[in-house]
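Below are the chains, spelled out letter by letter.
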Amino acid sequence: MEGSSIATSVAVILLSGLLRLALACWRTRRSRCFTQELHQRLSAMSLGPRIFSRCLAIVNPISGAGRGDADWGAVSGALTSLGIECVTLRTERAGQVDELLRSVAIHTFDVLIVVGGDGLLHEVINALPSTDAIPIAVLPSGTGNGVATSVGIRSPIDLAVAIAGHQCARPLRSQSSQGSQQTSSAVRKLDLMLVSFSGDTSRPVECVLSCLSVGWGAIADHDYLAEGQLRWAGALRELLVPLWIILRKSSYRGVVSFKPSPGEPLPTRAHQLRGDGWVSLRDDFCLVHCCNLAWISHDAQCAPGARVDDGRIGVLIMRRATRLQLISMFLNAESGGHVRHEAVELYWASEVTLEPEPEPIGSIAVDGEAAGYPKCTHMSSWPSAASVVTAL
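How each quantity is defined
Residues numbered from 1 in each chain as written. Predicted model: local features only at pLDDT ≥ 70, side-chain atom pairs only at ≥ 80, totals over all residues. Heavy atoms only, no water. Helix = DSSP H or I, 4+ residues; strand = E, 2+ residues; numbered from the N terminus. Buried < 20%, exposed > 50% of the residue type's maximum accessible area, 1.4 Å probe, protein only. Contact = heavy atoms within 4.5 Å. Areas by Shrake-Rupley, 256 points an atom, 1.4 Å probe, with all protein chains shown as cover. Core = buried A, V, L, I, M, F, W, Y, C linked by side-chain atoms within 4.5 Å. Phe/Tyr/Trp six-rings, centres within 6.5 Å; stacked < 30°, edge-to-face > 60°. Lys NZ or Arg CZ within 6 Å of the ring centre and 35° of its normal. pLDDT = per-residue confidence, 0-100.

**Structural notes on the overall build of the protein chain**
- A tally of helices and strands in the protein chain yields nine helices and 16 strands.
- Per-residue burial over the protein chain gives 50% buried out of 392 residues.
- Considering only intrachain contacts with a sequence separation of at least 6, the fraction spanning at least 24 residues in the protein chain is 74%.
- For the protein chain, the exposed area adds up to about 18200 Å²; of that, 55% sits on carbon and sulfur atoms.

Structure (structure tokens):
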């Protein structure tokens, strides 16, 4: 009996060792293939001096079902082979980004790479000492990856090419004769949204910066389920959560007010035009989603036509909607065709206020993360507040 136990233990150890060896070989092969593809894509370009020679990365190792660490391992290995220095900071718990950023001298790096999803980028934006302290690049390793998709980076190789391949049109951090900093044409300005929440008089107003979107209704409920109750479902969430939202078909009553962007038309449906130029809509809403960028995830182009630096907030609205209309909206969101649906409204604004009425008040989500149940949420566009690396 004892001999059998020893044999079993030896077999388990050997099998474990073989699995570790196979995994190491796979990672080595993957890294080599990744590096080869990067070199091939770079060799097809006409490149000048690189603008990024020293990178700081903040990695969420468990993002995207554990893809974060593996993706960054491949990217950093390839960049290092090209002589680009990579310094890595890994998060071990939620809310640690502020502590990690305070532990390094950010000004000594050329770019900050965020390895994870839109939630991690949200933390980074709100933890930086200044939103324009350093250009930001995103390695899409999360669930939604809306910001990365909006700047054309859909895969780790896209990010690696963007970092290694951008040529230096002019010095990234050199001082001009007037003493002001110049920025390379490789880096584009990124609008942010300043978001404030208020509840009853006993609760102070809270403010955060948003890089992606603020939602109320169906898409916010989707984020709550996908990142909370159904996080255990992994990739199945992409099927289960929309199905649950459609079956529930919740609606929330309240007031949506916005200040139209200059030159934008007024709503053709029921609305009130206030004396200060604001538009107010009081109704039952299936969803209201305020978008800073065109894509809120890799497969949802909620505000087609939005640019990263246009100073506008896209206000996507569905009032009373049938289940069939919801299905149509979800199916057409990737192409942007949902905006032609009769139940969908899209307006462009510089400021927006959401005021849910009680029973039910409905949840608010900021950049895909839960923000509670505030009685009032106000957003204003902050044009060109940050800088982002775009795809080549």
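The discussion continues.
**Notes on the nonpolar core**
- Ranked by internal contacts, the top residues of the largest apolar core, which has 60 residues, are Ile-113 and Ile-163.
- Here this core gets seven residues from one element, more than from any other, and that element is helix 6 (residues 156-165).
- In contact with Ile-163, other than residues within four places in its own chain, are Phe-52, Cys-55, Leu-79, Ile-84, Val-111, Ile-113 and Ala-137.
- By size, the runner-up hydrophobic cluster in this structure holds 25 residues, among which are Ile-219, Ile-296, Ala-303 and Ala-343.

**Some details on the packing of aromatic side chains**
- Scanning the entire structure with this criterion turns up three aromatic pairs.
- Ring centres 6.3 Å apart and planes at 35° place the aromatic pair Trp-216 and Tyr-252 in the tilted group. Taken together, the residues span a long stretch of sequence, with Trp-216 in strand 7 (residues 213-217) and Tyr-252 in strand 8 (residues 252-260) at a distance of 36 residues.
- When its relative accessible area of 1% is taken as the criterion, Trp-216 is described as buried.
- Pairing Trp-216 with Phe-285 gives two aromatic rings, centres 5.9 Å apart and planes at 50°, and the pair type is tilted. One end of the pair, Trp-216, is in strand 7; the other, Phe-285, is in strand 10 (residues 279-285), with 69 residues separating them in the sequence.
- Judged by its relative accessible area of 1%, Phe-285 is buried.
- Each member of the aromatic cluster is reached from another via a ring pair, and the members are Trp-216, Tyr-252 and Phe-285.
- The ring of Trp-295 has Arg-154 sitting right over it, with the charged end atom 4.9 Å from the ring centre.

**Looking at the confidence of the model for the protein chain**
- For the protein chain, the average pLDDT comes to 82, and 78% of its residues sit at 70 or higher.
- Scored below 50 in pLDDT, residues 168-185 makes 32 contacts in the model with residues more than four places away or belonging to other chains.

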